[in-house]
Amino acid sequence: MPATIVQRNKKPFKKVKVDTVSIDIIESALRNARFEMDTVLFRTAMSPGIREQHDEFPMIANVEGKMVVGQFGSFIWGFMQGYDGTVEEGDIFLTSDPYAVNGAISHANDWLMLMPIYRGGRIIAWAAMFGHMTDVGGKVPGSLPTDGTTIYEDGITIPPIKIFDKGKLNEDVLKVVLHNCRLPHWNLSDFNAIVASLRTAGIRCIEIAERFGDDVFYSAMDAMLERNKRAMRELIRRTVPEQKQYFEDYICDDGLNMGPYRIKCSMWREGDKCIFDFAGTDPQSMSSINFLLNEELFKMFAGVYMVMVFDPQILFNDGFYDLMEVRIPPGSLLKPLKPAALSCRTHALGRIFDILGGLLGQGNPDFMCAAGFSDSPHFMYSGYDQHGEWYQLYQITFGGIPGKPFGDGPDGHSLWPSFTNVPNEFLESYFPLRIDVYETIADTGGPGKHRGGNALRIGYRFLEPGEISIHDDRWLTYPWGANGGLPGARSRKLLIRADGTQELMPSKIDHVKVESNDLLISDTWGGGGWGDPLERDPKQVAFDVEAGLVTVEGARRYGVVIKSDGRSVDEAATAALRKEIAAKRGPKKIFDRGFDTIEELKARCKAETGLEPPSPPRFTKWAKVAAEALIQKAAARKGAKAA
C-alpha cells in the first residue's frame, strides 16, 4: 500500500491566477535553489566522483511530486507508491535499491534521498538528490563488477527507509550501512552533504512561499508545469510522425564474452501522445549490463533530447509526462527481473541517447544527430600504498560527442553536460599514479559536414602495486554517422608492463593486477559525423589539421588535400579528390554503422581490434518464464478494468 502523508494542516491549496512576472521570479528562484543544492554538495562531499566530477542529480518537485527544476525527472510518486510507512515533518528517506523504486536509481552505488518540505503543517514541495558513492561493498572495489550475475554481488542495497524520523537520525541503521563499505568516511561525508543540500532546498522553498504566499507558490509551480506541457505538445505535433519509426543499436558485450545485445525501439504519435515501444529488445543478460529503465526517467531523456535539438528555449520539467507513453517488456535488457545484476548499466544508458538520436531525426533528417553519447566509461584503481593505507579511485572518463545539425561534436566530453573532469593534479596528489598522457586523439571523430568529437586518451602510470577495473564499450560496434557522415572510431585499452610487454585489454574487466611503473593507455570512442564530409569547408578542415584534431592524411577523408606546409589547402587537388570520392562512394547513407551485418562485423573483429569476437548471448530460462507470467497478469488486470 502507498505511503501515508501526515499533515496537521489538511486545508487544500487554492489554485490562483499568477501573473507572468511572478511565475518567472519563482521559477528563477527555484532554479537558483537547485544550483545551490549542487554547490553545497560539491563543497562538503569527500569522494572525487561527487566533489570533482559532479556525479549527482538534484530535484525540487511540487506537492504531487512532479519535478519543477532538476535533471533526471521525478521519481517521488513511484517512491511513495512503494513505501508503506508514514511521511511526517522532519523525515528524510534513503534508498539504494533500484528494484524498490522501479529504476528511479539504476544501481546500488546511487544513494537516493528524499525530503518533504513542510510549512505551516502541510507539504508545500519535495526535494530529492542522489549521488554515486565510490564504494558500497560487494565483490570488487568500486562495487561495479563486470562479471556480476546477481545484484547481491554489487554491494549493500538499502530498501526505502526513513533515515531521519521527525528530524532524528537513525544512527544504528547508518552504522550498519557504513560498515559494509570500503571507504565509510567518504560515504558518511557524502551522506551528510546530500542531507545538507536537501535542507538548503527546503529553506529556499519556504522563503519563496513566505514571500509570495503558499497558494501563489503552489499555483506558480502548477503554471510552470502547464507551460512546459503546452510547449511540448506543440513540439511533439511538429516533430513526431504518426507512422512508426524504428531504430536499433547494440551493446558490444557483457563482460562474460557474450554479445552483442540488441536494444530496439519504435516510436510513433497518436494524437498528441508520443509512444515509445522497446519490443524486440534482447532479454535480460546473465551479466551486469542490464539497465532497469524507469519509464518517467526515459520520458525526461526523450523530452530533454527533443528540447535541445528542436527548441532549446523550452525549460523542461515534468509537465509533459502524460504526453508520452513508454512500453518496456519485462524480462528484457531494459526491464530485468530481480535479482539480475545492474552494476554495468551505463553502457545501455548511454546507448539510449544514441537510439533517441536515430529515432527522433527520421521524421526530419535535418534535425538528426549522429551517435556518440554511447557510454559513460569508468576506471577504478585500488590497493594499499607503501604506508599501508588503502587507496581507491573511481573515475568517469569521456568520449567523443556526435556531430549534430548545428555544429561539431565536442572532443572528449561526457554525455552528461554537467559532468566535469577530475583535474590531473588532484589525481596525482591523492592517488599513487601519474598521468603521462591526456589528450584527444586526432581522426577519431567521424568525418562529416560537422565533425564528430574526438576520443580521449589517458595514460595512467601506476606508482604502487594494485588492481584496476575497466568499464567501457563501443570496442566492437562503431558510433554511427548520420546524413552522410562517417562513423567515429572504436575504443581501445592497452596495458604496457614495466618490462615493455603489452597486453590488449577487453572493454570490461576486473581484478587486473598492476605493478609499479605499469602504464595503461585508455582510448575511448569518437563521435559519429553529421552530414556529407565533402561539404565541410576546406578552410575548416585546414584549421582542424593545424589544431591537431585531424591529421594531414585524415583530411583526405573530407576530400581535402593539405599542402606541405601542413596548414594550407591545395584547392586544385582538393577539387579533384572530392570529385573522385563522390564518383566512387555512391549515394549517401542516412545511417552509416560501419558494417552491414553483425556476422560480417564479427568476422572482421580479430583483424581490426586484436580481440576475439564475443559469442552469441545466452539467456536464462527462469527470467523468460517469470516475464511471461507478469505479462499475463498485466493483461488480466487490463481486461478486468475494461470490464
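Remember, predicted model here, so these are calculated numbers, not experimental data.

**Student:** For this particular structure, what's the right way to read the environment of Glu-608?
**Tutor:** The topology assignment puts Glu-608 in helix α13 (residues 598–609). By relative accessible area, which is 39% here, Glu-608 ends up partly exposed. Within the structure, the side chain of Glu-608 is placed 2.8 Å from the side chain of Arg-490, a separation counted as a polar contact.

**Student:** Would you mind going over the pattern of salt bridges with me for this structure?
**Tutor:** When the charged atoms of two side chains lie near each other, side chains of opposite charge can form a pair. Applying the stated criterion across every chain, the model contains 53 salt bridges. A salt bridge links Lys-338 to Asp-97; the nearest nitrogen and oxygen atoms lie 3.9 Å apart. With Lys-338 in the loop between β13 (324–327) and α8 (346–360) and Asp-97 in the loop between β5 (92–95) and β6 (110–119), this pair connects stretches of sequence that are 241 residues apart. The salt bridge involving Glu-535 is made with Lys-588; its shortest N-O contact spans 3.9 Å. Note that Glu-535 is positioned in the loop between β23 (519–523) and α10 (538–546) and Lys-588 in the loop between α12 (571–585) and β24 (591–592), a separation of 53 residues in sequence. Owing to a relative accessible area of 47%, Lys-588 belongs among the partly exposed residues under this scheme.

**Student:** When you look at the packing of helix α1 (residues 20–44) against helix α6 (residues 214–239) in this model, what are you seeing that I'm missing?
**Tutor:** Helix packing for two helices is described by the angle between their axes and how far apart those axes are. Taken N-terminus to C-terminus, the directions of α1 and α6 make an angle of 90°; their axes are 10 Å apart at the nearest point. Put simply, α1 runs roughly perpendicular to α6. Residues Ile-23, Asp-24, Ile-26, Glu-27 and Leu-30 of α1 form the contact with α6, whose participating residues are Val-216, Phe-217, Ala-220, Met-221, Ala-223, Met-224 and Arg-227. For the contact of α1 with α6, the class distribution of residues is nine nonpolar, no polar and three charged.

**Student:** Whenever I open this one, the domain arrangement of the protein chain confuses me. Can you help?
**Tutor:** Note: interface size is frequently given as the accessible area lost on complex formation between the parts. Parsing the protein chain into structural domains produces domain 1 (4–232) and domain 2 (533–587). The C-alpha-based centres of domain 1 and domain 2 are spaced at 51 Å.

**Student:** Mind showing me how you'd approach the packing of aromatic side chains here?
**Tutor:** Given two aromatic rings, one states the distance between the centres and the angle between the planes to describe the pair. Taken as a whole and assessed by the stated rule, the structure comprises 19 aromatic pairs. Seen in terms of ring centroids, Phe-379 and Tyr-460 are 4.1 Å apart; in terms of plane orientation they differ by 20°. Their pairing is stacked. Placement of the pair is Phe-379 in strand β14 (residues 378–384) and Tyr-460 in strand β17 (residues 456–462), with a sequence separation of 81 residues. Neither residue differs from the other here; Phe-379 and Tyr-460 are each classed as buried. Seen in terms of ring centroids, Phe-379 and Phe-462 are 6.3 Å apart; in terms of plane orientation they differ by 25°. Their pairing is stacked. Of this pair, Phe-379 sits in strand β14 while Phe-462 sits in strand β17, and the two are 83 residues apart along the sequence. Per residue, the accessibility class of Phe-379 equals that of Phe-462, and both read buried. An aromatic cluster is built from Phe-379, Tyr-381, Tyr-391, Tyr-460 and Phe-462, whose rings are joined through pairwise contacts. Looking at Arg-199, its charged tip hangs above the ring of Phe-164, at a distance of 4.9 Å from the centre.

**Student:** So what exactly am I meant to see when it comes to α8 here?
**Tutor:** Think of an α-helix as turning once every 3.6 residues; residues three or four places apart then point the same way. With 15 residues, α8 extends 22 Å from end C-alpha to end C-alpha; this agrees with the ideal 21 Å at 1.5 Å per step. The buried count for α8 comes to 15 of 15 residues, which makes it a mostly enclosed element.

**Student:** How do you make sense of unusual backbone geometry when you look at a structure like this?
**Tutor:** Trans peptide bonds make up most of the peptide bonds, and negative phi angles are found at most residues other than glycine. The step from Gly-259 to Pro-260 runs through a cis peptide bond, and the omega angle for that step is -10°. By the secondary structure assignment, Pro-260 is in the loop between β10 (245–251) and β11 (261–270). Cis geometry marks the peptide bond from Lys-338 to Pro-339; its omega dihedral reads 15°. Within the secondary structure, Pro-339 sits in the loop between β13 and α8. For Asn-102, which is not a glycine, the phi torsion comes out positive at approximately 50°. Examined against the element boundaries, Asn-102 turns out to sit in the loop between β5 and β6.

**Student:** Where do I start with the sheet that holds β10 in this structure?
**Tutor:** Through backbone hydrogen bonds, the strands of a sheet pair up, either in parallel or in antiparallel fashion. Pairing is mixed in the open sheet, where four strands are placed in the order β10-β11-β12-β13. Where the open sheet ends on each side, the last strands, each with one partner, are β10 and β13. Taken pair by pair, the neighbouring strands of this sheet meet at an average axis angle of 20°, ignoring direction. Looking at chain direction, β11 and strand β12 (residues 273–277) are connected through five bridges and run antiparallel. Across the sheet, Met-267 pairs through a bridge with Phe-276, a residue of β12.

**Student:** Would you mind showing me how to read helix α5 (residues 184–212) here?
**Tutor:** Counted at 1.5 Å a residue, the expected span for α5 with its 29 residues is 42 Å, and the 42 Å between its end C-alpha atoms agrees. Just downstream of α5, Gly-213 is the residue with a positive phi angle, here 100°.

**Student:** Teacher, can you tell me more about the sheet that holds strand β15 (residues 390–396) here?
**Tutor:** Read across the open sheet, the four strands follow the order β15-β14-β18-β22; overall the sheet is antiparallel. Two strands bound the open sheet, and with one partner strand each, they are β15 and β22 (508–514). Across the sheet, the mean angle separating the axes of adjacent strands is 10° when strand polarity is ignored. Bridge count between strand β18 (residues 466–471) and β22: five bridges; the pairing is antiparallel. The residue of β22 that forms the bridge with His-471 is Lys-508.

**Student:** How should I be thinking about the packing of α1 against α5 in this particular structure?
**Tutor:** As a packed pair, α1 and α5 sit with axes 8 Å apart at the nearest point and diverge in direction by 160°. With respect to α5, the element α1 is oriented roughly antiparallel. Crossing angle aside, the handedness with which α1 passes α5 is right-handed.

The rules behind the values
- Residues numbered from 1 in each chain as written.
- Predicted model: local features only at pLDDT ≥ 70, side-chain atom pairs only at ≥ 80, totals over all residues.
- Heavy atoms only, no water.
- Helix = DSSP H or I, 4+ residues; strand = E, 2+ residues; numbered from the N terminus.
- Buried < 20%, exposed > 50% of the residue type's maximum accessible area, 1.4 Å probe, protein only.
- Polar contact = N/O pair within 3.5 Å; in protein donor to acceptor, adjacent residues only side chain to side chain.
- Salt bridge = Lys/Arg side-chain N within 4 Å of Asp/Glu carboxyl O.
- Axes fitted to C-alpha atoms, helices over the stretch in contact; angles between N-to-C directions.
- Parallel < 35°, antiparallel > 145°, perpendicular 65-115°, else oblique.
- Contact = heavy atoms within 4.5 Å.
- Nonpolar A, V, L, I, M, F, W, Y, C, P; charged D, E, K, R; others polar.
- Domains from an automatic or database assignment.
- Phe/Tyr/Trp six-rings, centres within 6.5 Å; stacked < 30°, edge-to-face > 60°.
- Lys NZ or Arg CZ within 6 Å of the ring centre and 35° of its normal.
- Expected span 1.5 Å × (residues − 1).
- Pairing = 2+ DSSP bridges.
- Left-handed = near helix turned anticlockwise from the far one by under 90°.

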